[in-house]
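Okay, here's what each chain looks like letter by letter:
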Amino acid sequence: MDPSSVFCPNPACPDKGQRDGGNIGIHSHKEQRYRCTTCGKTFAATRGTAFYRLHHPAEVVVLVMTLLCHGCPVQAIVAALGLDERTVTAWLHRAGAHVARVHDAVVQTGQVELGQVQADELCVKVCNGRVWQAMALAIPTRLWLGGELSPTRDGALVTAVLRRVAACAASQTLLLCVDGFSAYVGAARTVFRVAVRTGRRGRPRLVLPQTVLLAQVVKSHQGRRLVDVTRRVVFGTEQAVTRAIARRRGAASRSTPPISNGSMPRSAPRWRP
């Protein structure tokens with residue numbers, strides 16, 4: 001047990017949310033409980049986690065979540081571990097809600113150097129039809145930036161996922177790679193534009209930074225056979241993005257940021273607008 005890694009969860013405590021403030025002590029090693037010296041309240045070590053108030057060992061819960069993440073059916077887990085199906089489902093929902101809170105508190109705080117981001121959509125079949133899921137991934141670190149669900153594949157879906165990307169970005173310097181869905185163009189112009197003061201009366205002018213580069217990969221099919229792949233830069237200047245990333249990394253070279261399918265030299269004609 002490490003008191004410096006937790007904080008008091010009591011809403012009425014003056015030191016609520018303050019980590020490593022010296023007000024947290026160990027109340028009981030056997031029961032795994034902490035005590036706040038400011039308000040005098042005690043709380044469990046699992047408070048605020050997915051293991052809070054569970055009557056099963058944490059190792060069993062972690063094992064079940066691992067099996068579910070790798071696609072193991074719930075019925076197989078029930079038969080192998082002797083658990084109730086409702087218990088496994090409740091653990092899944094509890095873990096998902098906890099992961100969402102951690103993602104919002106850790107990733108979507110505007111402190112991630114994205115570099116290159118790839119966004120795409122996926123159609124998922126459900127019992128009553130289908131659902132579209134849009135997701136974004138930071139290519140250099142393989143960090144999952146977020147996802148959104150919608151019954152339709154439209155501009156509102158991609159705008160929502162790009163807003164999650166913008167919430168994670170520490171700067172307006174990134175290379176955004178998407179497919180040929182035209183809604184990405186308008187969504188990127190809406191999400192990543194910044195206000196520029198012109199010295200005149202009225203509202204500031206909203207423009208798109210030159211350090212935001214949107215690249216589209218359009219695939220053409222004949223039946224199930226891929227016949228052509230077209231790559232194009234929709235907006236942004238490749239040189240501006242290259243220089244900005246090089247300055248942030250402290251690199252002397254000004255090479256083009258890596259693309260998901262390999263490094264593209266600046267002279268490559270397929271990425272020129």
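Just above sits the structure.
Just so it is clear, the structure is predicted and the values come from calculations on it, not from any experiment. (Residues numbered from 1 in each chain as written. Predicted model: local features only at pLDDT ≥ 70, side-chain atom pairs only at ≥ 80, totals over all residues. Heavy atoms only, no water.)

1. Observations concerning the environment of Pro-151
We count it as follows: Think of it this way: any DSSP run of H or I at least four residues long counts as a helix, any run of E at least two long counts as a strand, and we number them from the N terminus. Residue exposure (1.4 Å probe, protein chains only): buried if accessible area is under 20% of the type maximum, exposed if over 50%, otherwise partly exposed.
Mapped onto the elements of the fold, Pro-151 is located in the loop between β6 (143-150) and α4 (155-168). Among the residues examined, Pro-151 registers a relative accessible area of 64% and is labelled exposed. For the pair Pro-151 and Val-124, spaced 27 residues apart in sequence, the C-alpha separation works out to 9.8 Å.

2. A short note on helix α3 (residues 85-106)
Our working rule: By this rule the span expected of a helix is its residue count minus one, scaled by 1.5 Å. In this description, the arc belongs to the directions extending from the helix axis to the C-beta atoms. Residues are treated as being in contact if the distance between any of their heavy atoms lies within 4.5 Å.
Compared with the 32 Å implied by 1.5 Å per residue over 22 residues, the 32 Å span of α3 between its first and last C-alpha is a close match. Within the sequence span of α3, burial applies to Val-88, Trp-91, Ala-95, His-98 and His-103. The arc that holds the buried residues of α3, viewed along the axis, is 140°, so those residues lie on one side. The exposed set on the far side of α3, more than 90 degrees from its buried face, consists of Arg-86 and His-93. Looking at the packing, one finds that the buried side of α3 touches α1 (58-69), α2 (74-81) and β6.

3. Structural notes on the sheet that holds strand β10 (residues 212-222)
The test is simple: When DSSP locates at least two bridges between a pair of strands, those strands are taken to pair. In this analysis an axis means a line fitted to C-alpha atoms, helices contributing only their contacting stretch, and an angle means the value between N-to-C directions, from 0 to 180 degrees.
Read from one edge to the other, the open sheet built from six strands follows the order β6-β5-β4-β7-β10-β11, with strand pairing classed as mixed. The open sheet has two edge strands with one neighbour each: β6 and β11 (225-235). Here the average twist between neighbouring strands, direction ignored, is 20°. With four bridges joining them, strand β4 (residues 115-126) and strand β7 (residues 174-178) adopt parallel strand pairing. From the neighbouring strand, Gly-115 faces β7, where its bridge partner is Leu-174.

4. A word on the nonpolar core
Put simply, the rule reads: To qualify as a nonpolar core, a set must consist of buried Ala, Val, Leu, Ile, Met, Phe, Trp, Tyr and Cys residues joined through side-chain atoms within 4.5 Å.
If you look at the biggest cluster of nonpolar residues, it comprises 31 residues, and the most contacted ones within it are Leu-114, Leu-145, Leu-162, Leu-176 and Phe-192. Beyond its immediate sequence surroundings of up to four residues, Leu-145 is in contact with His-103, Gln-108, Leu-114, Val-117, Ala-136, Leu-137, Ala-138, Arg-164, Val-165 and Cys-168. Core analysis: the next-biggest nonpolar cluster, separate from the first, contains nine residues, Val-64, Ile-77, Val-88 and Ala-95 among them.

It is worth stressing that arrangement in space is one thing and function is another; only the former is reported here.
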